Amino acid sequence: MSDKKVRVRFAPSPTGGLHLGGVRTVLFNYLFAKKHGGDFVLRIEDTDQSRYVKGAEEYILECLEWCGLIPDESPVAGGRYAPYRQSERKAIYREYAERLVMQGHAYYAFDTPEELERNRHEIPNFQYGHAYRDTLRNSLTLTQHQVDQLLDAGEPHVIRIKMPENEHIHFNDMIRGNVSFETGQSDDKVLLKADGMPTYHLAVVIDDYLMKITHAFRGEEWLPSAPVHLLLWEYLGWKADMPQWAHLPLILKPDGHGKLSKRDGARLGFPVYAMSWFDERTGELTPGFRELGFLPEAFLNLLAMLGWNDGTDSEIFTLGELVEKFSIERVNKAGAKFDFEKAKWFNSEWIRKSEARSLKPEVIKVLAGKGIVVTDDDFLLKVIDLVKERCILLPDFFHQLSYFFEQPKEYDLASVKPKWTDAKTEFFISFIGILAKTEDISAAGLEQAFKALAEEKAIKAGELMLPFRIMLVGGKFGPHVFDIAVLLGKAETIERIEKALETFKS
RNA sequence: GGCCCGUUCGUCUAGGGGUUAGGACGUUAGAUUUUCAUUCUAGAAACAGGGGUUCGAUUCCCCUACGGGCUACCA
């Protein structure tokens, strides 16, 4: 590694929700930067005006905030290499593109999109490259005079890189090792579009250079265009400053094949985006991990384990531990199929591992969403501790907790009524009497009294436990019934028994 | 089609010239929990195929197959 300060960037285009793979790219960027005491830059690649979606940039920022992956420099935080939105850097790119034309590494092309489309249709395997560029309308085939005339007349044009026909190009990817290409395989990519905006290819090189990026992480889908970028770094005379590349493996569909996409989430019933995304144009709401009840720590943890491990059997890591243990050498080459079951397991582990007080704000939100307003914080903390190991996703807290805040609306009568007897009614009436006389109740003491009374009445305690539970919570679930009774308190427990008795008897 | 990248249980993966090929999720069975979830114990489950190299390949090399990516004035 060089002695330069490590600087990485995440460069999303604001076109919609932030995908799992995107967040993982952010994560690896972040981990690498922080591991090496470097800077993490957020750069918005909004060069495609037709795909720009309002609100997407704010959404991305919010995602990063939720995850706790805060950029050191960004459009909102600013920084010495501002602006961080490519649309605001538009003026910068043309100069470099012209420079490439001047040097003979790029050229003006006047072909219309329609003409190119027709060529692609009519000529098998048509590519705007060495094989066809001499037959098209560009500054390679036109005279200097013609080109100047067209340019002066404001004729729409793009600037394309002139890919060498027979050059072997290779580079050392931090994840894949040596990767090599023949330059003639790639077409002459557009560098500057007719609207004056750069394409990704030009912008990424110029901005990475100007922003002094030292290590560039991106998805594997970018590998085929790497030679174009490499050439650009060379032609621009910046090769010594080129970042080290790391092409991350893709996250794949759990079933079939291919890259995981938004559609798969809807089809298979799990989120693909970090947070819900509402598409104003279609009115479609795509759910996110946050809204489904994932903890950001769990989300990050599961993403980190998709393509990386620390070499031990450990799987649960905090962000801090990930920063400490991360190493690019241990990132896998192969794509990973996403497994939602394992994702949920990570979340349940994190809920279990979390302190009740850190879970509290989220639980309050879950309950509030169901109309339960919590007034006693200490009580809430206690019940969270009692049930958290039974919750996989945050909304599970509603089911596990609601009966602490409101009496059961319905009882699982099928589990009690067929076996209900008058003797049982009497038992509970006596039990209420004992309860009323008990000064301070404990789970153990209560259980003892319950069992003693059962023996006295000659009823098996087991026949009574389930009904008691159903009286208190309504159904066959929840923690130990005497723990529940203690937390509910004497008065409330008595009230619930009395109320349930009415229903059970009739 | 062309180019590039990849391939260890169903899934995520560890390992690496000689191993009973390890773990996790899921799954199966049993135990515990007088509810459910947990927990515990046990089990089934993998080196894509073919050639090399080697005393010995799952591990290194080549080929094939398969999978994936790219092939836009999108990123």
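Residues numbered from 1 in each chain as written. Chains lettered and ligands numbered in written order. Predicted model: local features only at pLDDT ≥ 70, side-chain atom pairs only at ≥ 80, totals over all residues. Heavy atoms only, no water.

Quick look at the nonpolar core
With 61 residues, the main nonpolar core has Phe-28, Phe-217, Phe-299, Ile-328 and Phe-338 as its most contacted residues. At the level of elements, strand S1 (7–10), helix H1 (20–35), strand S2 (39–42), helix H2 (56–67), strand S9 (244–248), helix H10 (296–304), helix H11 (319–325) and helix H12 (340–353) are the ones that each hand at least two residues to this core. It is H1 that contributes the most residues to this core, nine residues altogether. Here this core spans two domains, since at least three of its residues come from each of domain 1 (7–74 + 250–340) and domain 2 (87–248). When neighbours within four sequence positions are excluded, Phe-338 is seen to be in contact with Leu-20, Ile-251, Leu-252, Pro-254, Leu-260, Phe-270, Phe-289, Leu-302, Leu-306 and Ala-343. Core analysis: the second largest hydrophobic core is formed by 52 residues, Val-363, Phe-379, Leu-380 and Ile-494 among them. (Core = buried A, V, L, I, M, F, W, Y, C linked by side-chain atoms within 4.5 Å. Buried < 20%, exposed > 50% of the residue type's maximum accessible area, 1.4 Å probe, protein only. Helix = DSSP H or I, 4+ residues; strand = E, 2+ residues; numbered from the N terminus. Domains from an automatic or database assignment. Contact = heavy atoms within 4.5 Å.)

Re the protein's contact with RNA strand B
Residues in contact with RNA strand B amount to 64 residues; listed here are only the nearest, Lys-193, His-257, Glu-315, Arg-390 and Ala-461. Expressed as a percentage, the sugar and phosphate content of the atoms of RNA strand B within 4 Å of the protein is 71%. Within the contact set of RNA strand B, a phosphate oxygen lies 2.8 Å away from a side-chain nitrogen or oxygen of Asn-309. Only helix H4 (113–122), strand S4 (158–161), strand S6 (177–182), strand S13 (336–337), H12 and helix H18 (461–473) provide two or more residues apiece to the surface near RNA strand B. For the surface near RNA strand B, the residue count by class is 22 nonpolar, 16 polar and 26 charged. (Near = heavy atom within 4 Å. Polar contact = N/O pair within 3.5 Å; in protein donor to acceptor, adjacent residues only side chain to side chain. Nonpolar A, V, L, I, M, F, W, Y, C, P; charged D, E, K, R; others polar.)

Remarks on unusual backbone geometry
For the peptide bond that leads from Ala-82 to Pro-83, omega is 0°, which places it in the cis range. Along the chain, the position of Pro-83 falls in the loop between H2 and helix H3 (90–102). Despite not being glycine, Lys-212 shows a phi value in the positive range, around 55°. Among the secondary structure elements, Lys-212 is positioned in the loop between helix H6 (200–210) and strand S8 (215–219). The phi dihedral of Ala-458 falls on the positive side, at around 60°, and the residue is not glycine. Its place among the elements puts Ala-458 in the loop between helix H17 (443–456) and H18.

Some remarks on the confidence of the model for chain A
Keep in mind that low pLDDT regions are not for reading the predicted coordinates in detail. The pLDDT averaged across chain A works out to 95; a share of 99% of its residues lies at or above 70. Model confidence for the complex: the whole-complex pTM is 0.95, and ipTM, which rates the interface, is 0.95. (pLDDT = per-residue confidence, 0-100.)

Section: the packing of helix H16 (residues 422–437) against H18
The geometry of H16 relative to H18 is characterised by a closest axis approach of 11 Å and an angle of 65° between their N-to-C directions. Considered as vectors, H16 and H18 are oriented roughly perpendicular to each other. For the pair H16 and H18, the sense of crossing is right-handed. Between H16 and H18, the contacting residues are Lys-424, Phe-427, Phe-428 and Phe-431 on the first element and Glu-463, Leu-464, Pro-467, Phe-468 and Met-471 on the second. Class assignment of the residues belonging to the contact of H16 with H18 gives a composition of seven nonpolar, no polar and two charged. (Axes fitted to C-alpha atoms, helices over the stretch in contact; angles between N-to-C directions. Parallel < 35°, antiparallel > 145°, perpendicular 65-115°, else oblique. Left-handed = near helix turned anticlockwise from the far one by under 90°.)

Considerations on the packing of aromatic side chains
Within this structure, the stated rule accounts for 39 aromatic pairs. Ring geometry for Tyr-411 and Phe-504: centres 5.6 Å apart, planes at 80°, overall edge-to-face. Remark: Phe-504 occurs in helix H20 (residues 490–505) and Tyr-411 occurs in the loop between helix H15 (396–405) and H16; sequence separation between them is 93 residues. As far as burial versus exposure is concerned, Tyr-411 and Phe-504 are alike and both buried. Here Phe-427 and Phe-431 contribute two aromatic rings whose centre-to-centre distance is 6.1 Å and whose plane-to-plane angle is 10°, an arrangement assigned as stacked. (Phe/Tyr/Trp six-rings, centres within 6.5 Å; stacked < 30°, edge-to-face > 60°.)

What about the domain arrangement of chain A?
Each assigned domain of chain A is listed here: domain 1 (7–74 + 250–340), domain 2 (87–248), domain 3 (354–404) and domain 4 (413–505). Averaged C-alpha coordinates put domain 1 and domain 3 at centres separated by 27 Å. Across the boundary between the two partners, domain 1 contributes four residues, which contact five residues of domain 3. Between domain 1 and domain 3 we count zero salt bridges in total. Counting across the interface, domain 1 meets domain 3 through one residue pair in polar contact (both at pLDDT 80 or more). (Salt bridge = Lys/Arg side-chain N within 4 Å of Asp/Glu carboxyl O.)

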